[in-house]
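Working through the structure, step by step
One-letter residues, chain by chain:
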Amino acid sequence: MSRGSFLFVESNTTGTGALLMKRARVLGFEPYLVTRNPARYRFLTDSLAHIIEADTRNLDELIGVAGKLKRVEGIYSSSDYFVESASRLATAMGLPAPNPQAIATCRNKWKQAAELRRQSITIPETRLATCARDVENILAHLTLPVVVKPVSGSGSSGVRLCDSATAAIKAFESAKNALLDQVELTSPDILVQQYVEGKEYSAEIIAHDGALHCLGILAKHKGPTPCFVEVGHDFPAPLPEPSLQELASFAAGAVSALGLDFGPAHVEFVITEWGPVIIEVNPRLAGGMIPVMLSHALGTSVLDMIIKLYAREAFTPLRASTKAGAIRFRLAAKPGKLKNLSFSQDPDATVPEVGLLKSEGEELQINGDFRDRVAYAIGVADELNAAATAAERMIDSVVIDTESAASESDNKKVAGSNQSKWNLHPEAMKLLAPPIEIVRDGRLLRYQATIDEAHLVMLADKGLVSQKVAADLLKHILALQDEGFQSLEGRDAPRGVYLAYEAELAARAGPENAGWLHLARSRNDLNATISLLVLREAVCSISQQIGTAQDALLRRVDEASRLVAPLYSQYQIALPGSPGHYLLGVFFALARERQRLHCLLDDIRNCPLGAGAGGGTSMPIDPTMTANLLGFELPSFNSLDAVASRDHHLQGLSVFAGVSILLSRVAQDLQVWTTREYALIDVPNNLAGGSSMLPQKKNPFLLEHIKGSASTVIGAYVSSAAATCKAPFSNSIEVSNYGCSSLGLAEEALKRALILTSLVVKFMSFNIRSMRQNLEDGSSMTAVAAERMASRGVPFREAHTKLGEIARRLSLDSSVSECRSELIKHLGEVLPASPEECRDALQFGGGPGKRSTVEQLSAAKGVFLDMQVKCGDVRERWTHADMHRKLRVRKLIDEHQAT
């Protein structure tokens, strides 16, 4: 017997929309779907729901539709774009619904950001742009990279990570129409947000009767940048239980701040080194099949829960899960007509559900959002690792075959003349030329495309290729960049990434056009140029990270300089000092390393492009123009030097090693100071760990990671030097591959060490009593006493000898008061009255005295500001080159289209 009607206002197209309608029917309701365009939903059948066509953005029309239905018990929308319409309709009909005004605020991400900021909820720095000039102005105040996204988007549509002003402006233009083909909406208002680095999570929350119930915290997996496609979710997130509870409370606070008092909310946030940051709150069930996975893991249908909630039935909070779940998605690798899509193996008991999201014969497009998913698999097990492994194993079995736009023979022709002669042995190819992975090769491809832009603009400007050919190639290069090079994912690269990339261009632009791309250049000067682009980016990134560590040091100096603590020499107490003095010492040591990095950046001014294979070219190119378009000052003076030399890499790795050695020494000190014997500092529990066996033990293990990172960085330098030292002075694989490949490993390890150092410095606490305790016997003040005796006419060596004899007479078993009394008896007023007086007497030679510390701090702030400005200037110079190059590219394309 029917329990009444349940009305769905539109639906999502690939998630749980169809399943909600099925569950409504199973629960005894008669499901209806009101929609403007039934053709949007390929899953629609007569048995799924009754279809009603109406203007779903017109409340009066929706009320008319609902009024004609028999006994409407609930109204809901699984679509981001229509949750507000559904809530207004349900409110008008007297049915359960969230506050429509709260939904409206939440759906407009600019208004949402303003409300969260007003309620003191941590969010990224967020600005609103309505024109390209707005974007330029915003970037003057935000630090790259930034995220550009539509104000009212969903499913990562139109969301792009931008590491340059040019990319941000392009993403802005693209985002305005990103929703047009999905829901016929333009988005004139675009958000520009500071990119927040960290692991991303989501909280799934149900609001009911004044309470917020968290179904769980999930960890996200993302596809390659610059897109933000979610490719997997893990439940529960692999975090300690107390952390999960804290995060649930944090997410609930954001939901409450937005006034979402009824129904589901999907909260996305990032855990940074400083704590969690809200990315956005969505007033709906999670997409990406998350509710289905949660239903399997929790043992209760989340979809049934929602339908019953909106149908005014009793709501029962879920119990804690005893199972773990994971979802994995397969993305389309390239556009084309889908010939075959299937799973090559059958799911077992740990994979309760799999699904195909596309149909054979369908035209695949790379959109850079949720529409790129072609299949999913859900794993459920007692342990998260087992669930994730099951889902990954199943999704890895997906077979996807699309029709290629060009034949293999065409690709081989473009990949190099006589290519058929060079078929690498399969075993060798497996080792030396594995299939392309965007996660691994994406940065290389981005730099490749950047260089192609500059090279083609120069060739067209010099009349070496026609503007028509250059414009056509540039149009396809821009398309590849927009797609995040997804069409190359999994592509075999027997002759390297570059030739596989060129073959893809040939498939799109035609071999007759793509064949011009390699005019007047070689893979030798191309690789040398890419290596310098990678190096200068790594150096600048490390400089910025050093700046973060320096900032953390300076922020603790004021407080730490007022304290008194031992200065050590050979692990023995030497003099009274302060932890602020130590921190300033580390600051200045880091400043010198940072200065060396900037000297290196100043020295990376010559662009190798144009050197060819090492002998230049007979074509009348303009290498200065190419260099300027890539942010270099000059071309290389000598073609052989351009392709043979990698001294900049060795110098960069040498400085990286120096920084890592310094950080390791600091970590060694801090680790010793956390011991019970020293007890000078303490690190909070969230920066330490426990022992698996010893319940009393607290391990400051982050400090060991800092020390361990140094071995990786030093090893990278040694590896690079060893690969280079016996290579001939010309282009060689030892130098270009093995001599440069360790840079990424070193950069990653050093960044890790810098971030961990910043965290420890920022949050460590000083044990004031312990720091002072070992100074109170007065023995550490005898050096100053000897100097005071010298200032009264006693030769220093005589004073030193006398004080040494007194110190030797003092027994280690003597109490603090006995030692102090003995020293006062022999030294009188030349002995400082307190450790603080002694510390402040050390004001010359850069000592820890109060006046000296003030001078040091002032100098440190000046050095810091100068380096920050230099770092910003470098970025600005590169950004200007990027913008100029992109403008030239766009002008060339536009002029060709106009003709």
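Our subject in this report is the structure included herewith. (Residues numbered from 1 in each chain as written. Predicted model: local features only at pLDDT ≥ 70, side-chain atom pairs only at ≥ 80, totals over all residues. Heavy atoms only, no water.)

**Thoughts on the overall build of the protein**
The helix and strand inventory of the protein stands at 32 helices and 27 strands. Relative to the 2.2 N^0.38 estimate, which gives 29 Å for 899 residues, the radius of gyration of the protein is 32 Å and therefore close to what a compact globule would have. Counting only C-alpha atoms, the protein reaches 105 × 80 × 50 Å along its principal axes. Relative to its 899 residues, the protein shows a buried fraction of 54%. When contacts within the protein are restricted to residue pairs at least 6 apart in sequence, those whose partners lie at least 24 apart make up 72%. In the form shown here, the protein has an accessible surface area of approximately 39,600 Å², with 52% of it arising from carbon and sulfur atoms. In the protein, 95 positive and 101 negative side-chain charges are present, and the distance between their average locations comes to 1 Å. (Helix = DSSP H or I, 4+ residues; strand = E, 2+ residues; numbered from the N terminus. Rg over C-alpha atoms; globule rule 2.2 N^0.38 Å. Buried < 20%, exposed > 50% of the residue type's maximum accessible area, 1.4 Å probe, protein only. Contact = heavy atoms within 4.5 Å. Areas by Shrake-Rupley, 256 points an atom, 1.4 Å probe, with all protein chains shown as cover. Lys, Arg positive; Asp, Glu negative; His and termini not counted. Charge placed at Lys NZ, Arg CZ, Asp CG, Glu CD.)

**Here we look at the pairing of strand β4 (residues 72-76)**
Note on strand geometry: in a regular strand, side chains alternate between the two faces of the sheet. The buried fraction of β4 amounts to five of the five residues, a majority that puts the element mostly inside the structure. Where strand β1 (residues 5-9) meets β4, four bridges bridge the pair, whose relative direction is parallel. Note that in β4 the partner of Ser5 across the bridge is Val72. (Pairing = 2+ DSSP bridges.)

**A word on the packing of aromatic side chains**
All told, the structure shown has twelve aromatic pairs when counted by the stated rule. Aromatic pair Phe262 and Tyr310: ring centres 5.0 Å apart, planes at 70°, arrangement edge-to-face. Linking Phe262 in the loop between α9 (241-257) and β12 (263-272) with Tyr310 in helix α11 (residues 302-310), this pair joins segments that are 48 residues apart in sequence. Look at Phe485 and Tyr501: their rings are 6.5 Å apart centre to centre, the planes differ by 55°, and that puts the pair in the tilted class. Of this pair, Phe485 sits in the loop between α16 (467-482) and α17 (497-509) while Tyr501 sits in helix α17, and the two are 16 residues apart along the sequence. The rings of Phe6, Phe8 and Phe29 are connected pair by pair, giving a single aromatic cluster. (Phe/Tyr/Trp six-rings, centres within 6.5 Å; stacked < 30°, edge-to-face > 60°.)

**A word on the pattern of salt bridges**
Enumeration over the complete set of coordinates arrives at 50 salt bridges. Its salt-bridge partner being Lys323, residue Asp382 comes within 2.9 Å of it at the nearest N-O pair. Taken together, the residues span a long stretch of sequence, with Asp382 in the loop between β18 (373-381) and α12 (384-396) and Lys323 in the loop between α11 and β14 (324-331) at a distance of 59 residues. Given a relative accessible area of 55%, Asp382 falls into the exposed group. We classify Lys323 as partly exposed; its relative accessible area is 35%. Between Arg440 and Glu437 there is a salt bridge, with the nearest N and O atoms lying 3.9 Å from each other. When salt bridges with common partners are traced through the structure, they connect Glu453, Asp882, Arg885 and Lys886 into a single cluster. (Salt bridge = Lys/Arg side-chain N within 4 Å of Asp/Glu carboxyl O.)

**Here's the deal with the environment of Glu280**
By secondary structure assignment, the location of Glu280 is in strand β13 (residues 275-282). Given a relative accessible area of 12%, Glu280 falls into the buried group. Separated by 408 residues in sequence, Glu280 and Ala688 have C-alpha atoms that sit 30 Å apart. Each residue touching Glu280, except ones within four places of it in the same chain, is listed here: Lys109, Gln112, Lys149, His266, Val267 and Glu268. Reaching out from Glu280, the side chain makes a polar contact with the side chain of Lys149 at a distance of 3.0 Å. (Polar contact = N/O pair within 3.5 Å; in protein donor to acceptor, adjacent residues only side chain to side chain.)

**Focus on the environment of Glu30**
Relative to the helices and strands, Glu30 is located in strand β2 (residues 30-35). Among the residues examined, Glu30 registers a relative accessible area of 23% and is labelled partly exposed. Counting along the chain gives 28 residues from Glu30 to Ser2, while the straight-line C-alpha distance between them is 6.7 Å. Once you skip the residues sitting within four places of it in the chain, Glu30 turns out to touch Ser2, Gly4, Ser5, Phe6, Arg25 and His50. Within the structure, Glu30 has its side chain in polar contact with the side chain of His50 (distance 2.6 Å).

**A look at the state of the cysteines**
According to the stated counting rule, one finds zero disulfides in the structure shown. In this structure Cys106 is not part of a disulfide, and its nearest cysteine sulfur, from Cys214, lies 16 Å away. (Disulfide = S-S within 2.5 Å.)

**Structural notes on empty space enclosed by the protein**
If you roll a probe as big as a water molecule over the atoms, it shows you where there is empty space left. This model, assessed by the stated rule, comprises six cavities of 30 Å³ or more. What lines the largest cavity is a set of 15 residues, among which Tyr76, Val83, Pro98, Pro283 and Tyr310 lie closest to the centre. Counting residues per element, the ones that place at least two in the lining of the largest cavity are β4, α3 (83-92) and β12. For the lining of the largest cavity, the per-class residue count stands at twelve nonpolar, three polar and no charged. (1 Å grid on protein atoms, 1.4 Å probe; cavity = no way out; pocket = protein on both sides within 12 Å on 5 of 7 lines; lining within 4 Å. Points joined across faces, edges and corners; volume = space filled by probe spheres on them. Nonpolar A, V, L, I, M, F, W, Y, C, P; charged D, E, K, R; others polar.)

Everything listed here is a matter of coordinates, which is why it stays silent on function.
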